[in-house]
Amino acid sequence: MRRRTAVLAAGALAGALTLTGCSGSASGPDRAELSVSSPYMPQPVSADMAAGFLTITNKGGAGDRLTSVSSDVAGQVTMHSTEGGAMAEKSSFAVPAHGRLVFESGGNHLMFEKLKHAPKQGQTVTVRLTFARSGRLTVEMPVQSATYHPSTGH
Ligand code: CU
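Residues numbered from 1 in each chain as written. Predicted model: local features only at pLDDT ≥ 70, side-chain atom pairs only at ≥ 80, totals over all residues. Heavy atoms only, no water.

## What about the overall build of the chain?
Then comes step 1: Along its length, the chain carries 2 helices and 10 strands.
Then comes step 2: Along the chain, helices and strands appear, N-terminal first, in the series α-α-β-β-β-β-β-β-β-β-β-β.
Then comes step 3: Buried residues in the chain amount to 35% of all 154 residues.
Then comes step 4: The contacts of the chain with a sequence gap of at least 6 include a subset with a gap of at least 24, amounting to 68%.
Then comes step 5: Summed over all atoms, the accessible surface of the chain reaches about 8900 Å², with 54% contributed by carbon and sulfur. (Helix = DSSP H or I, 4+ residues; strand = E, 2+ residues; numbered from the N terminus. Buried < 20%, exposed > 50% of the residue type's maximum accessible area, 1.4 Å probe, protein only. Contact = heavy atoms within 4.5 Å. Areas by Shrake-Rupley, 256 points an atom, 1.4 Å probe, with all protein chains shown as cover.)

Printed below as a string of structure tokens:
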């Protein structure tokens, strides 16, 4: 908090400094640098609902927040956490600076609801992730077997 206040004060005093800050390099300390890895959807057993998992890594010095998820195959995609064995819908998830946000079986997960068709193993589902700072990221999520687990690869 103290550091941010100091930066704002410097910007107000020197316009050039503010400009540099706004157009700064992608690896600047005040930016989130997001990438997505290990996306997958287990082939759904239900005709109208599917789960999805992925990892979002932030190499930047600023945190970000996943605020919404959508997909062409679903009328709605919701974000859930699992706490003490009970799942709860969340309106957003933090992606910490130099950290990760993990959606994995048994933990946080995406739920694809109101499926327009049931995705089959071998297909790919397009998923759009919207972040508070970084905007939108599009992910091609492969559909795996219903019992797939990334640690075993099958
Ligand atoms: Cu859920």
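More follows now that the structure is in view.
## A short note on the coordination of the copper ion
Then comes step 1: Taken together, the protein ligands of the copper ion are His80 (ND1), Met87 (SD), His109 (NE2) and Met111 (SD), with distances of 2.1 to 2.2 Å.
Then comes step 2: Coordination geometry of the copper ion: the 4 donor atoms subtend angles of 95 to 128° at the metal centre, consistent with an arrangement described as tetrahedral.
Then comes step 3: Of note, the donors binding the copper ion are all from one chain and are spaced H-x6-M-x21-H-x1-M. Of this pair, histidine 80 sits in strand 4 (residues 74-83) while histidine 109 sits in strand 8 (residues 109-115); the two residues are 29 residues apart in sequence, bridging distant segments of the chain. Here histidine 80 and histidine 109 have matching classes, each one buried. (Donors = N, O, S within 2.8 Å, 3.2 Å for Na, K, Ca; no water. Tetrahedral: all angles 85-135°; square planar, octahedral: opposite > 155°, others 65-115°.)

## Observations concerning the pattern of salt bridges
Close approach of charged atoms allows side chains with opposite charge to pair.
Then comes step 1: Scanning all chains against the criterion turns up 2 salt bridges.
Then comes step 2: With a closest N to O distance of 3.6 Å, glutamate 83 and lysine 90 form a salt bridge. (Salt bridge = Lys/Arg side-chain N within 4 Å of Asp/Glu carboxyl O.)

## Observations regarding the pairing of strand 9 (residues 124-131)
Then comes step 1: Pairing of strand 3 (residues 64-71) with strand 9 involves 5 bridges; the strand directions are antiparallel. When the bridges of strand 9 are listed, serine 68 appears paired with threonine 130.
Then comes step 2: Examined bridge by bridge, strand 9 and strand 10 (residues 135-144) share 8 bridges and lie antiparallel to one another. Bridged to valine 125 within strand 10 is methionine 141.
Then comes step 3: Linking two consecutive strands that pair antiparallel, namely strand 9 and strand 10, is a turn of 3 residues. (Pairing = 2+ DSSP bridges.)

## As for the side chain of threonine 55
Then comes step 1: Assignment of secondary structure puts threonine 55 in strand 2 (residues 49-58).
Then comes step 2: The class for threonine 55 is buried, based on a relative accessible area of 11%.
Then comes step 3: For threonine 55, the contacting residues outside a window of four places in its chain are Ser35, Val36, Ser37, Arg100, Leu101 and Val102.

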